[in-house]
Amino acid sequence: LSRGTYRTIVGIIGDESQIVVESIRAIPGVAKVVPVLPPYKLASREAHPESSVIDVSGVKIGGNSVALIAGPCSVDEEDRMHRIAERVAAAGANILRGGAFKPRTSPYAFQGLGEEGLKRLRDVGRAHRMPVVTEVTDPRLVSLVAEYADMLQVGARNMQNFALLNEVGASNRPVLLKRGMSATVNDLLMCAEYILSKGNPNVVLCERGIKGFDPATRNLFDVAAVPLVHQLSHLPIIVDPSHATGKPDLIPACALAGLAAGADGVHLEVHDCPEVAKSDGPQALVPEQFAEVASQMKGLAELLGKTISPLPETIS
Ligand code: PEP
Ligand code: MN
């Protein structure tokens, strides 16, 4: 207790589940209640000072290990998937991406190939020794997607789908949690907390752009979120300049900016023929553009004392 001339400060120590901040705030005469610990206990750096390194079927993300996730927005034709995987792997990508269940703004837009797409993504990934990441849009699909995917993506539109967070939290696959387009950094960390609190410690965060007022870029790339998250949390954070900017011309610079800001990886959409891509063609890098930025990333990573994780020796 600290009694001043105008105000009295009361300090309370204890478990937040016992001390209900809202109830104290409702007591007449209480001007302000200030929790001193972050509400995301498991995700906070205070609880876990060392940076976490997440292993995705042999590819490390975090610490000095950088992820380079690449592939089309949606899983495409099989031969095309092989061609894209071969090109991105040769350029240094270490995780293959592709959506099989797509969260689309319009119900009439292509919704993804479903289980067929999952199977194709996995087979192509295995053929090129690449772990795969794909989005899961519905809690009922988590066990199905987890059968095929090395990492489960929770998309921006589903960041606060708590039933989905609980379900991926109960699965044994690492999770790529994308920041919602209207979510604060605190919101993002609270959503990571859902997953951690269900027993899954393997969470990688992703800054993919938030809503801005200027349609000149698809979203507003919040690069400051990267060092901020590192300050607040031990979890790795990667950047997705494809969705953040929506423009191939802007993507390489933002990928490098993300890495320079300390990101533990970069997530890029790549397609060898963007005009026939099933979704997000206009923001896809072609393999040549990808190879160029990947080589620049490699140089920058070295400068920062990091390495782009190599592909695993074997993958089961
Ligand atoms: C995607 O990765 O293709 C995607 C839909 O991303 P986001 O959830 O960030 O929009
Ligand atoms: Mn996309």
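Everything here concerns the structure above.
Residues numbered from 1 in each chain as written. Chains lettered and ligands numbered in written order. Predicted model: local features only at pLDDT ≥ 70, side-chain atom pairs only at ≥ 80, totals over all residues. Heavy atoms only, no water.

S.K.: Would you take a moment to explain the coordination of the manganese ion (ligand 2) for this structure?
M.R.: Reference values for coordination geometry: four tetrahedral donors around a metal ideally subtend 109.5 degrees, six octahedral donors ideally subtend 90 or 180 degrees. Looking at the manganese ion (ligand 2), the protein donor atoms are Cys73 (SG), His243 (NE2), Glu269 (OE) and Asp280 (OD), and they sit 2.0 to 2.4 Å from it. Mapped onto the polypeptide sequence, the residues donating to the manganese ion (ligand 2) form the spacing pattern C-x169-H-x25-E-x10-D. Taken as a pair, His243 in helix α8 (residues 241-245) and Glu269 in strand β12 (residues 265-269) lie far apart in primary sequence, 26 residues in all. The burial state of His243 is the same as that of Glu269; both residues are buried. (Donors = N, O, S within 2.8 Å, 3.2 Å for Na, K, Ca; no water. Helix = DSSP H or I, 4+ residues; strand = E, 2+ residues; numbered from the N terminus. Buried < 20%, exposed > 50% of the residue type's maximum accessible area, 1.4 Å probe, protein only.)

S.K.: Quick question: what am I supposed to make of helix α10 (residues 287-303) here?
M.R.: Given a rise of 1.5 Å per residue, 17 residues ought to cover 24 Å, and the 24 Å separating the end C-alpha atoms of α10 matches this to within 8%. Buried-residue contacts for α10 involve β5 (65-71), α2 (78-90), α9 (251-260), β12 and β13 (307-308). Of the residues flanking the end of α10, it is Gly305, one or two places downstream, whose phi is positive at about 75°. (Expected span 1.5 Å × (residues − 1). Contact = heavy atoms within 4.5 Å.)

S.K.: Just to check I follow, could you spell out the pattern of salt bridges for this structure?
M.R.: On inspection of all chains with the given rule, the structure shows 17 salt bridges. Between Lys278 and Glu77 there is a salt bridge, with its nearest N and O atoms 3.2 Å apart. Here the residue Lys278 occupies a position in the loop between β12 and α10, and Glu77 occupies one in the loop between β5 and α2, the gap between them amounting to 201 residues. Taking the relative accessible area as the measure of exposure, Glu77 reaches 39% and is therefore partly exposed. Arg218 serves as the salt-bridge partner of Asp280, at 3.2 Å between the closest nitrogen and oxygen. Within this pair, whereas Asp280 is found in the loop between β12 and α10, its partner Arg218 is found in the loop between β10 (203-207) and α7 (225-232), the two being separated by 62 residues in sequence. (Salt bridge = Lys/Arg side-chain N within 4 Å of Asp/Glu carboxyl O.)

S.K.: Just to check I follow, could you spell out a nonpolar patch on the surface for this structure?
M.R.: A cluster of nonpolar side chains, namely Leu1, Val10 and Ile12, defines an oily patch on the protein surface of about 340 Å² accessible area. Inspection of the secondary structure assignment puts Leu1 in the segment before β1 (2-3). The class of Leu1 is exposed, set by a relative accessible area of 73%. (Patch = residues over 30% accessible without salt bridge, like charges linked within 9 Å, V, L, I, M, F, W, Y side chains within 5 Å. Areas by Shrake-Rupley, 256 points an atom, 1.4 Å probe, with all protein chains shown as cover.)

S.K.: Teacher, can you tell me more about helix α6 (residues 185-197) here?
M.R.: In an α-helix, one full turn covers 3.6 residues, which means residues spaced three or four apart are oriented alike. With 13 residues, α6 extends 18 Å between its outermost C-alpha atoms, agreeing within 8% with the 18 Å of an ideal straight helix rising 1.5 Å per residue. Residues of α6 that are buried include every one of Val185, Leu188, Leu189, Cys191, Ala192, Glu193, Ile195 and Leu196, and no others. Buried residues belonging to α6 abut α5 (162-169), β9 (175-178), β10 and α7. Positive phi shows up at Gly199, right after α6, with a value of about 110°.

S.K.: Would you mind showing me how to read the site of ligand 1 here?
M.R.: Ligand 1 sits among Cys73, Arg97, Lys102, Glu135, Gln153, Gly155, Ala156, Arg157, Lys178, Arg208, His243 and Glu269. One nitrogen or oxygen atom from the side chain of Arg97 is found 2.7 Å from an oxygen atom belonging to ligand 1. Lys178 has a polar side-chain atom sitting 2.9 Å from an oxygen atom of ligand 1. Contact with the protein chains removes 97% of the 300 Å² of surface that ligand 1 exposes when unbound. Placement of ligand 1 is best described as lying within the second largest pocket. Partitioned by chemical class, the residues of the shell around ligand 1 number 2 nonpolar, 3 polar and 7 charged. (Near = heavy atom within 4 Å. Polar contact = N/O pair within 3.5 Å; in protein donor to acceptor, adjacent residues only side chain to side chain. 1 Å grid on protein atoms, 1.4 Å probe; cavity = no way out; pocket = protein on both sides within 12 Å on 5 of 7 lines; lining within 4 Å. Sits in = over half its atoms within 2 Å of the grid points. Nonpolar A, V, L, I, M, F, W, Y, C, P; charged D, E, K, R; others polar.)

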